[in-house]
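Listed below, chain by chain, are the residues.
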Amino acid sequence: MSEARPARPKVFVTRRLPDVTETRMRELFDVDLRDADRALSRAEMSAGIADCDVFVPTVSDEIDADVIASAGNRLKLIANFGVGVDHIDLRAAHERSIPVTNTPGVLTDDTADMTMALLLATVRRMRAGETSLREGSWDGWSPTSLRGTRIGGKALGIVGMGRIGRAVAARARAFGMDVHYHNRRRLPDGVESAYGATWWDDLDSMLPEVDVLSIHCPLTPDTDGLFDAKRLSKLGSHVYLINTARGEIIDEAALAEALAAGRLAGAGLDVFADEPRVPEALKSLDNVTLLPHMGSATFEGRRQMGDKVITNIRAWSDGHRPPDQVLE
Ligand code: DGY
């Protein structure tokens, strides 16, 4: 027999959400929303989680075992506003039989668009160009200044061929790139050929073949530190590295060292291991484009992420399995 669930669950939200999402939540739930948009302290999160049916965190909240331990018996669902759930201790939630949901699909295209923007900005040196213009050092067109690298005909290596990896593959193909990918599972024949993509079972064998490498795998114990100094050294000195997935997948100190020493051509980074802290060693480099984790930041995408959070909460409160439940 399924347990009775509150028709107007008490929902605690850690960050400001788009107005349209907050308005709908007020209509549907007994919701505790924030006045100001800032990351909550651990004490504030623990206090919030202690007295709600549903907890709505975002990627900027570290929901570890201690925070989950402060949940009261009342907590029945963690409905994450975002697709990545690496900031939530899933095992601790599972041990307390608290399901976790996320918002897959609706930020795929926005993140893939941002990946291409970051890739192009980096290989075509847009930051250097814009800076020279704004600083007044641009003295007109010249045949030799601000040359970057053409991407047409170059090999793009994609690490992680899930939704976002595939959306990047489709875009890269339209730009004339040859797509290579490493994924635990090979794509079905028809899908692989639609992207004209070459599968590499062994990541290390793919690395010497690429001109640009773009990371799209989730952060898990297996991918944490995947790109350490040794693996970075398998990339050629002409290679650009793009990361719109999670900062922890790359050893940032090793990356900064490789970039400074010219062992890599450049990097475009939208994510960092200890956000919002960005290592000074990366900030001091000219061959790096740095963005503040804005891959999914469109009005449309953020509204749809809010819609998904609401759908998941409503499904749960109606006694159903939420459509985007991450674990059993
Ligand atoms: C996610 O959803 O995991 C992104 O990193 C934030 O939009």
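Just so you know, these numbers come straight off a predicted model, no measurement behind them.

A. How the structure looks around the packing of helix α1 (residues 19–28) against helix α13 (residues 299–317). At a minimum axis separation of 9 Å, α1 and α13 run at an interaxial angle of 20°. Here α1 is positioned roughly parallel relative to α13, judged by the angle of their axes. Between α1 and α13 the crossing geometry is right-handed. Where α1 abuts α13, its residues V20, T21, R24, M25 and L28 lie against R303, G306, I310 and R314. Across the contact of α1 with α13, the residue classes break down as four nonpolar, two polar and three charged.

B. Structural view of the sheet that holds strand β12 (residues 288–290). Pairing in this open sheet of seven strands is parallel, and the strands run β8-β7-β6-β9-β10-β11-β12 from one edge to the other. Where the open sheet ends on each side, the last strands, each with one partner, are β8 (198–200) and β12. Strand-to-strand, the axes of this sheet are offset by a mean angle of 15°, without reference to chain direction. Alignment of strand β9 (residues 212–215) against strand β10 (residues 240–243), held across four bridges, turns out to be parallel. Among the inter-strand pairings, S214 is bridged to a residue of β10, identified as I242.

C. Geometry of the site of the ligand. With respect to spatial proximity, the complete set of residues near the ligand consists of V59, G82, V83, G84, L107 and S296. Considered class by class, the residues forming the shell around the ligand number three nonpolar, three polar and no charged.

D. Molecular detail of the UniProt feature "domain: D-isomer specific 2-hydroxyacid dehydrogenase NAD-binding" (unreviewed entry) in the chain. Following the UniProt record, one finds the feature "domain: D-isomer specific 2-hydroxyacid dehydrogenase NAD-binding" (unreviewed entry) at residues 116–295. The span residues 116–295 is 32% helix and 16% strand, and its two end C-alpha atoms sit 10 Å from each other.

E. Region of the structure containing the UniProt feature "domain: D-isomer specific 2-hydroxyacid dehydrogenase catalytic" (unreviewed entry) in the chain. As annotated in UniProt, the feature "domain: D-isomer specific 2-hydroxyacid dehydrogenase catalytic" (unreviewed entry) corresponds to residues 11–326 in the numbering used here. For residues 11–326, the end-to-end C-alpha separation is 19 Å, with 36% helix and 13% strand making up the annotated structure.

F. Up close: the pairing of β10. A two-sided burial pattern is seen for β10, the buried positions comprising Y240 and I242 on one face and L241 and N243 on the other. Taken together, the four bridges between β10 and strand β11 (residues 266–269) define a ladder with parallel strand orientation. Residue Y240 lies in a different strand from β11, and its bridge partner there is G266. On the question of chirality, the crossover connecting β10 to the parallel β11 by way of helix α11 (residues 252–260) is right-handed.

Reading the values: the criteria
- Starting from 1, residues in each chain are numbered consecutively following that chain's sequence as written.
- With pLDDT at 70 or above as the cut-off, local features in this predicted model cover only qualifying residues; side-chain atom pairs require 80 or more to be listed or tallied, and sums for whole chains, interfaces and linings still use all residues.
- To define axes, lines are fitted to C-alpha atoms, for helices over the stretch in contact only, and angles between the resulting N-to-C directions are given on a 0 to 180 degree scale.
- Comment: elements are numbered from the N terminus, with helices defined as DSSP H or I runs of at least four residues and strands as E runs of at least two.
- Roughly parallel refers to an angle under 35 degrees, roughly antiparallel to one over 145, roughly perpendicular to one between 65 and 115, and oblique to any angle outside these ranges.
- Crossing chirality is assigned from the near helix's rotation relative to the far helix, an anticlockwise turn below a right angle marking it left-handed and a clockwise turn marking it right-handed.
- We call two residues in contact if the C-beta atoms placed from their backbones are at most 7 Å apart.
- Ten residues, namely Ala, Val, Leu, Ile, Met, Phe, Trp, Tyr, Cys and Pro, are considered nonpolar, four, namely Asp, Glu, Lys and Arg, are considered charged, and the remaining ones, Gly among them, are considered polar.
- A strand pair is defined by DSSP finding two or more bridges across the two strands.
- Put plainly, near means the residue's C-beta atom, positioned from the backbone, lies within 6 Å of the molecule or strand in question.
- UniProt positions are given in the numbering used here, feature names are shortened, and annotations may be inferred rather than shown by experiment.
- Exposure criterion: with C-beta atoms placed from backbone coordinates, a residue whose C-beta has 20 or more other C-beta atoms within 10 Å is buried, one with 12 or fewer is exposed, and one in between is partly exposed.
- By convention, a crossover is right-handed whenever its connection, traced from the first strand over the helix to the second and viewed with the strands pointing away, goes clockwise.

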